[in-house]
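Here's the letter readout for the chains.
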Amino acid sequence: MDRQFPDRPDVRPPKWADRFLQWYCAPELLDEIQGDLHEAFYHRIKKVGLRKAKFLFIKEVLLFCRPSSFRRSIAYKNHPVMYSYFKNYLKVAFRNFYRNGLYTFINGFGLALGLSCSLLILLWVHFESNVDHFHPEGDRIYRAYFNGLSPEGEVTFTQGAGPYALYHLFQEYDGVEKPVYFEDDIELILAMGEQAYMERGAWGSPSVFETFDFPLLAGSIGNSEKQLETIYISEDLAKKFFGEDWLTESVGAVLRVNDDREETIAGVFRNIGSNSSLQFDFLLNIEQVAEQYPNWAQGWGNKGAMIFAKLAPGVAPSAVEGYVNPIYKDTDGYGVGGDAMMLFPFEDNYLWTKFEQGIASGGKIQYMRIFFGAAMFLILIACINFVNLSTALSSKRAREVGIRKAVGAQRNNILFQFLSETGLLVFMALLGALLLDLLLLPLLNGLTGQTIAIPWQQPAFWLTILGLGVALTFVAGLYPAFVISLYRPVKVLKTGALKQKGSLSLRKSLVVFQFVLSSILIISTITVHNQLNLIQHENLGLDRSNVLVLPINDRIGEQYDVLKDKLLQSSAISEVLRSTSAPVDINWINVGYEWEGKLEDQSNYFYRLNTEASFADVFDIEMADGRFFKEDMVSDTAGVVINETGVTQMQMEDPVGKMITDKNSGERLRILGIMKDFNFKSIHREIEPLLIRLAPRQGRKVMIKTKAGGTQATITQLQSVWSELFPGYPLEYDFLDDTYNQLYKSEMMIGKLVYVFATIAIVISCLGLFGLITFIALQRTKEIGIRKVLGASVNSIVGLLSRDFLLLVTIGLLIAAPLAWYLMEQWLQGFAFRVDITWWVYIIAACVALGVTFLTISYQSIRAALVSPVKSLKSE
């Protein structure tokens, strides 16, 4: 192409520019474009000279470098053909969807429903798994636990509460940066002027805002160093008190706390999200308590708070444990048999709350695994429906495949066509699932109490959705596409259809597998329901019905007798009493009791409750021996009542009347009676030793026992008396049943989710069965017509069509029963008090599965059986 000067053969366009043009230019355009540029180059040499001609050549080569002229592959060069193929595939796909509208709906709706619920589950699991993972350098934050050790060195219990003295020791150790003291679940009345609110918060060290990512929007930690009587409040609480001017007016203002002291607001922190396990609306500076009560601050026996340590870079948890435990061994908190402090990663603490032998063994992580498995179950069931119907419908498309192959379609073309149809349906189902999740997400958030959101803006989310769609396309569509692509044109075009025994066996296997999963969910749902029923409605040794609980402070305590007298004037109220805590959640532990005959290696701890003499009557506590307190006997204040587990721990015969000594206070106390065991902690745990004392003035809770049907009258009386005695004070109360149920919030939520997802799994399975029975009925239309002509009844035809499916469901139940038993046994092991999985659970599960299956297939079976033989046998 190059036209050289006759007298100067070395004059040519720049080589690198010419080669660059050859590299990027499409082959079909190269000759024409290169020729034009060369011709212009030689023409310009005569007009503007060689140097400028080269410059202009380079400029035009670079200007021509655009996407439309870039080098194309053979596939791209033939794009009109590929576009036609793709357009044809789409047209055939939509035509097939329309022609088989019922099956397309069943496939698409079942897949969308399964994906929607699975995505919701996975969003929840992802949210729960990332709680407390937002703190900077969170992998260096640890929580202190104490293991109770037997004389043989075995761990007998693991306690997550620690003393202020440990926090102080961490402050002195170079291996720990900014330790944190945090004692939550504190309810106090905060007031300013005429405004007063009952709020839930914590006593803690200001280092909370340094170690954790709870940013201060106003104020600083330095304010607490200058003045110990300080309080930090949340943004919402600041807006309650100061309105729109909270940012400038809050810091330095003074709040009245429980009307018995004043605290200066040192800072305002951002509202804490639901992705944090530490929840509080205010934080009182614990340093003021340490200064006021030095004995408390120095004692190791007062374990009541969470102690956190952020380790310095390169410091191992074992190094900190090795430093603390030798010091701890010589303190007053070291129990008989020994305790050992250990550090557990804070980021794992939300999911791992159950410990065995000092090793994390369970907690919410078990539910995460269960529901992740449930999500996979739902996706599998939906995929099984798709594979079943696709392989069943393949025989209807046998002639279409035969014609395509006869006119030259390759097996790869057939595979791509049917995979593209599957992919189109899968991505339509994914779109429907996402739209459905937009509607269902508020319901899930209401059920779980979380603020879960679909992360639309995160690329990882869309990559996951894309990956899920591609994976589902291959999982659900590869086998049907593979089967269909194997059809031989000669046989297909001769018979119009092919019967494939392998496909039939696969469909039966998939139906069985589908109902194995559904049956496991049914049996699990019944078992979970029974366990939740035990938790909610069984007495478990304590009558907690018709009891209102309200917190009190010193001011209310001063007028308690007046409050009690006025409340008892109502005929709807049977009793009023004070107690240190609600009897369903006692957390106060005392270590260091002595008694006659006590062995050196015997445990000497008791959970403790201070209350009034009417406690046993209000909560229907049964006595095994001796008596409960009597209000008119002053000597009973030097007595105790213990439970049966406490007697077992003491290994004392005939304990009533014998003495027990509290080493912490030096008091000698007489055992007045033995009460039967009742659950005062979570039923996940065995009942532990409990000691009750008659000390009503130490009570921080008022409990009001109402008569049956008198709840509303009691509330009316309480509101009237409260406004009279404590004007301007907020009235906050809970029902004891609600307090108890709050302990099992996770279990209740899990139960509701199990009900929902089991129902959806059954619905999806039945959709698949309905589609299959409909297809089989259409396939056997002539057979049914002939049977009716020969005298077959409607019942016999219904039985003919239903028999195989009912048999497959029965097989699925038989396989599912032992698997469900194993899974539920593993779950129930987490409860000290649990139901047994009895035989009738399997009977109910079988009746539900078989009943729903029969109802699903009977409609279509009866409809097919009622079709007139004239229509069934007419010639095509």
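Before reading further, recall that the structure is shown in the block above.
All figures in this text were calculated on a predicted structure; none of them were measured in a lab.

A.B. asks: Could you give an account of the pairing of strand S15 (residues 573-579), naming the residues involved and the relevant values?
C.D. replies: Summarising burial for S15: 5 of the 7 residues are buried, a large majority. As defined by bridge partners, S15 adjoins strand S24 (residues 701-706) across 6 bridges and the pair is classed as antiparallel. Residue Ile573 lies in a different strand from S24, and its bridge partner there is Thr706.

A.B. asks: Give me the lowdown on the nonpolar core, citing residues and values where you can.
C.D. replies: The biggest cluster of nonpolar side chains holds 96 residues, and the ones touching the most others in it are Trp124, Phe371 and Phe619. Excluding anything up to four places from it in sequence, Trp124 contacts Met368, Phe371, Leu444, Thr448, Ile452, Met749, Ile750 and Leu753.

A.B. asks: I'd like a description of the packing of aromatic side chains, backed by residues and values.
C.D. replies: Geometry of an aromatic ring pair is reported as the spacing of the ring centres plus the angle between the planes. According to the stated counting rule, one finds 38 aromatic pairs in the structure shown. Consider the rings of Phe182 and Phe280, whose centres lie 5.3 Å apart with planes at 65°: the pair is edge-to-face. Of this pair, Phe182 sits in strand S3 (residues 176-192) while Phe280 sits in the loop between strand S8 (261-269) and strand S9 (282-285), and the two are 98 residues apart along the sequence. Across this residue pair, the class does not change: Phe182 and Phe280 are buried. Following the ring pairs from residue to residue traces out a cluster consisting of Phe134, Phe182, Phe209, Phe212, Phe214, Tyr232, Phe269, Phe280, Phe308 and Phe346.

A.B. asks: Can you break down the pairing of strand S6 (residues 230-234) residue by residue, with the values?
C.D. replies: Most of S6 is tucked away, with 5 of its 5 residues classed as buried. Of the two faces of S6, the one lined by Thr230, Tyr232 and Ser234 and the one lined by Ile231 and Ile233 are each fully buried. Strand direction decides the pairing type here: S6 and S8, joined by 5 bridges, are parallel. By the bridge assignment, Tyr232 is partnered in S8 with Gly267. One ladder, built from 3 bridges, connects S6 with S9; its direction is antiparallel. Across the sheet, residue Ile231 finds its bridge partner in S9, namely Leu284.

A.B. asks: Got a sec to walk through the pattern of salt bridges? Specific residues and values, please.
C.D. replies: Under the criterion given, the structure shown has 19 salt bridges. The partner of Glu263 in a salt bridge is Arg261, and the shortest N-O contact between them spans 3.3 Å. With a relative accessible area of 28%, Arg261 lands in the partly exposed category. Among the charged side chains, a salt-bridge network with shared partners connects Glu137, Arg140, Glu177 and Lys310.

A.B. asks: Any chance you could break down a positive patch on the surface for me, citing the residues and the numbers?
C.D. replies: Where like charges cluster on the molecular surface, the positive patch consists of Lys87, Lys91, Arg95 and Arg99. Mapped onto the elements of the fold, Arg99 is located in helix H5 (residues 79-99). Owing to a relative accessible area of 55%, Arg99 belongs among the exposed residues under this scheme.

A.B. asks: Describe the packing of helix H7 (residues 164-172) against helix H14 (residues 317-328), and please don't skip the residues or the numbers.
C.D. replies: Two numbers describe how H7 lies on H14: the axes approach to 11 Å, and their chain directions differ by 130°. The orientation of H7 with respect to H14, classified from their angle, is oblique. With respect to the hand of their crossing, H7 and H14 are arranged in right-handed fashion. Only Val320, Tyr323, Val324 and Ile327 of H14 make contact with H7, whose side of the interface consists of Leu166, Leu169 and Phe170. Taken together, the residues of the contact of H7 with H14 break down into 7 nonpolar, no polar and no charged.

A.B. asks: Explain the packing of helix H23 (residues 560-567) against helix H26 (residues 711-725) to me, and be specific about the residues and the numbers.
C.D. replies: In contact at an axis separation of 10 Å, H23 and H26 are set at 145° when each is read in the N-to-C sense. The chirality of how H23 crosses H26 is right-handed. Here Val562, Leu563, Lys566 and Leu567 of H23 lie close against H26, whose contacting residues are Gln717, Leu718, Val721, Glu724 and Leu725. Grouping the amino acids of the contact of H23 with H26 by side-chain chemistry returns 6 nonpolar, 1 polar and 2 charged.

A.B. asks: Can you break down H14 residue by residue, with the values?
C.D. replies: Here H14 spans 16 Å end to end across 12 residues, near enough to the 16 Å set by a 1.5 Å rise per residue. Among all positions in H14, only Val320, Glu321, Val324 and Tyr328 are buried. One face of H14 carries all of its buried residues, which in axial projection span an arc of 100°. On its buried face, H14 sits against strand S1 (141-149), H7, S3, strand S10 (306-311) and strand S11 (339-345).

A.B. asks: Can you lay out the environment of His38 for me, pointing to particular residues and giving the numbers?
C.D. replies: Within the secondary structure, His38 is located in helix H2 (residues 27-48). Linking His38 and Asp18, residues 20 residues apart in sequence, is a C-alpha distance of 9.3 Å.

A.B. asks: How would you sum up the side chain of Ser224? Please name residues and give values.
C.D. replies: Locating Ser224 in the fold gives a position in helix H9 (residues 222-226). One polar contact links Ser224 to Thr230, side chain to side chain, over a distance of 3.0 Å. Polar side-chain contacts of Ser224 include one of 2.6 Å to the side chain of Tyr232. Not counting the four nearest positions on each side in its chain, Ser224 is found in contact with Pro206, Thr230, Tyr232, Ala266 and Asn285.

A.B. asks: Tell me about a nonpolar patch on the surface, residues and numbers included.
C.D. replies: Residues Phe427, Leu463, Leu466, Val470, Phe474 and Leu478 make up a contiguous nonpolar surface patch of roughly 540 Å² in combined accessible area. In terms of residues, the nonpolar patch owes the most to one element, helix H19 (residues 459-485), which gives 5 residues. On the secondary structure map, Leu463 appears in helix H19. Classification of Leu463 by relative accessible area gives exposed; the value is 59%.

Thresholds, definitions, all that
- Residues numbered from 1 in each chain as written.
- Predicted model: local features only at pLDDT ≥ 70, side-chain atom pairs only at ≥ 80, totals over all residues.
- Heavy atoms only, no water.
- Buried < 20%, exposed > 50% of the residue type's maximum accessible area, 1.4 Å probe, protein only.
- Helix = DSSP H or I, 4+ residues; strand = E, 2+ residues; numbered from the N terminus.
- Pairing = 2+ DSSP bridges.
- Core = buried A, V, L, I, M, F, W, Y, C linked by side-chain atoms within 4.5 Å.
- Contact = heavy atoms within 4.5 Å.
- Phe/Tyr/Trp six-rings, centres within 6.5 Å; stacked < 30°, edge-to-face > 60°.
- Salt bridge = Lys/Arg side-chain N within 4 Å of Asp/Glu carboxyl O.
- Patch = residues over 30% accessible without salt bridge, like charges linked within 9 Å, V, L, I, M, F, W, Y side chains within 5 Å.
- Areas by Shrake-Rupley, 256 points an atom, 1.4 Å probe, with all protein chains shown as cover.
- Lys, Arg positive; Asp, Glu negative; His and termini not counted.
- Charge placed at Lys NZ, Arg CZ, Asp CG, Glu CD.
- Axes fitted to C-alpha atoms, helices over the stretch in contact; angles between N-to-C directions.
- Parallel < 35°, antiparallel > 145°, perpendicular 65-115°, else oblique.
- Left-handed = near helix turned anticlockwise from the far one by under 90°.
- Nonpolar A, V, L, I, M, F, W, Y, C, P; charged D, E, K, R; others polar.
- Expected span 1.5 Å × (residues − 1).
- Arc of directions from axis to C-beta.
- Polar contact = N/O pair within 3.5 Å; in protein donor to acceptor, adjacent residues only side chain to side chain.

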